[in-house]
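# Commentary on secondary and tertiary structure
The chain contents come next:
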Amino acid sequence: MRQSNEGLQYKRVLVKLSGEALLGAESYGIDPVVIGQVSEEIRALVTQKVQVAIVIGGGNIFRGAGLAAGGIDRVTADQMGMLATVVNALAIQDSLERTGMSARVMSAIKINEVCEDYIRRRAVRHLEKGRVVVMAAGTGNPFFTTDSAASLRAIEINADLLIKATKVDGIYSADPKLDPSAERYDVLHYDQVLDQKLQVMDATAIVLCRENSMPLRVVDMTRPGSFLAAALGEQVGTLVTSEG
């Protein structure tokens, strides 16, 4: 691969990964094959001099809303979910470093024995030095999803693009697994996502992106090269913007 960022439309990106995406063939926890594939996709970006931040969920271990539905206090449940994201972030950091990249885990809650505190200026400095920044513990607050954390962090670090990595190749008018006639969109406006109640990210995350003109591209993480294609501005998945 060439070692430059020529041709890139987006030179600083934030990738949002769900915890469930790390399950792979497993019923619980982390599939080493999947996390290795994700690391290779990130390495392709770093090789092209893209500055990369990652926000990871924790649904493969604990999901706060699900625990709360089972009777656990919601604040406690969300805190458990935050800790699950730290576990995932450390696993991603290890995988990235084993492929030769430099990575830092930054947590929105204090857990200094295993990672750094999230400090915006420090995160940006890591990015400028070519390090991958893995952001854990969501926003550090209960009742906010990691989707909202991804939108917030992308805005804070002045990312050029937010990439939502999923297991489908974009946004559809309905669940394509349940409705074969579902239409896939190439481009959407944030207002369309909200008005049509398309299940992309939660409403708070969508509004944050819309109000701060943060472009969002939803891509299939199982398709090799999809992250780099998004950074190059190629038509992959679905692009959501506040323009038009």
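Here's a quick rundown of the structure. (Residues numbered from 1 in each chain as written. Predicted model: local features only at pLDDT ≥ 70, side-chain atom pairs only at ≥ 80, totals over all residues. Heavy atoms only, no water.)

## Thoughts on the pattern of salt bridges
One pass over the structure, following the stated rule, counts 12 salt bridges. A salt bridge links glutamate 40 to arginine 43; its shortest N-O distance comes to 3.0 Å. Placement of the pair is glutamate 40 and arginine 43 together in helix α1 (residues 32–47), with a separation of three residues, close to one helical turn. Since its relative accessible area comes to 37%, glutamate 40 is described here as partly exposed. One salt bridge in this structure joins arginine 98 and aspartate 94, with 2.8 Å as the shortest N-O distance. (Salt bridge = Lys/Arg side-chain N within 4 Å of Asp/Glu carboxyl O. Helix = DSSP H or I, 4+ residues; strand = E, 2+ residues; numbered from the N terminus. Buried < 20%, exposed > 50% of the residue type's maximum accessible area, 1.4 Å probe, protein only.)

## So, the environment of alanine 53
Take alanine 53: it is sitting in strand β2 (residues 51–56). For alanine 53 and alanine 123, which are 70 residues apart along the polypeptide, the C-alpha to C-alpha distance reads 8.7 Å. Ignoring sequence-local partners within four residues, the contact set of alanine 53 consists of Val13, Leu14, Val15, Leu127, Val133, Met135 and Ile157. (Contact = heavy atoms within 4.5 Å.)

## A closer look at the packing of helix α5 (residues 146–156) against helix α7 (residues 203–211)
Running from N to C, α5 and α7 point in directions that differ by 15 degrees, and their axes come no closer than 7 Å. The angle between the axes of α5 and α7 places the two elements in the roughly parallel class. Considering only the axes of α5 and α7, their crossing is left-handed. Taking contact as the criterion, the partners of Asp147, Ser148, Ser151, Leu152 and Ile155 in α5 are, on α7, Thr204, Ala205, Leu208 and Cys209. Looking at the contact of α5 with α7, its residues break down into five nonpolar, three polar and one charged. (Axes fitted to C-alpha atoms, helices over the stretch in contact; angles between N-to-C directions. Parallel < 35°, antiparallel > 145°, perpendicular 65-115°, else oblique. Left-handed = near helix turned anticlockwise from the far one by under 90°. Nonpolar A, V, L, I, M, F, W, Y, C, P; charged D, E, K, R; others polar.)

## Looking at α1
Helix length check: α1, at 16 residues, gives a terminal C-alpha distance of 22 Å against a target of 22 Å (1.5 Å per residue), a fit within 8%. Val34, Ile35, Val38, Ser39, Glu41, Ile42, Ala44, Leu45 and Thr47 are the residues of α1 that are buried. Along its buried surface, α1 packs onto β1 (12–17), β2, α3 (74–98), β5 (132–136) and α8 (226–231). If you check the start of α1, you find a side-chain oxygen 2.9 Å away from the backbone N of valine 33, and it comes from aspartate 31. (Expected span 1.5 Å × (residues − 1). Polar contact = N/O pair within 3.5 Å; in protein donor to acceptor, adjacent residues only side chain to side chain.)

Read these as layout, nothing more, since geometry by itself doesn't imply function.
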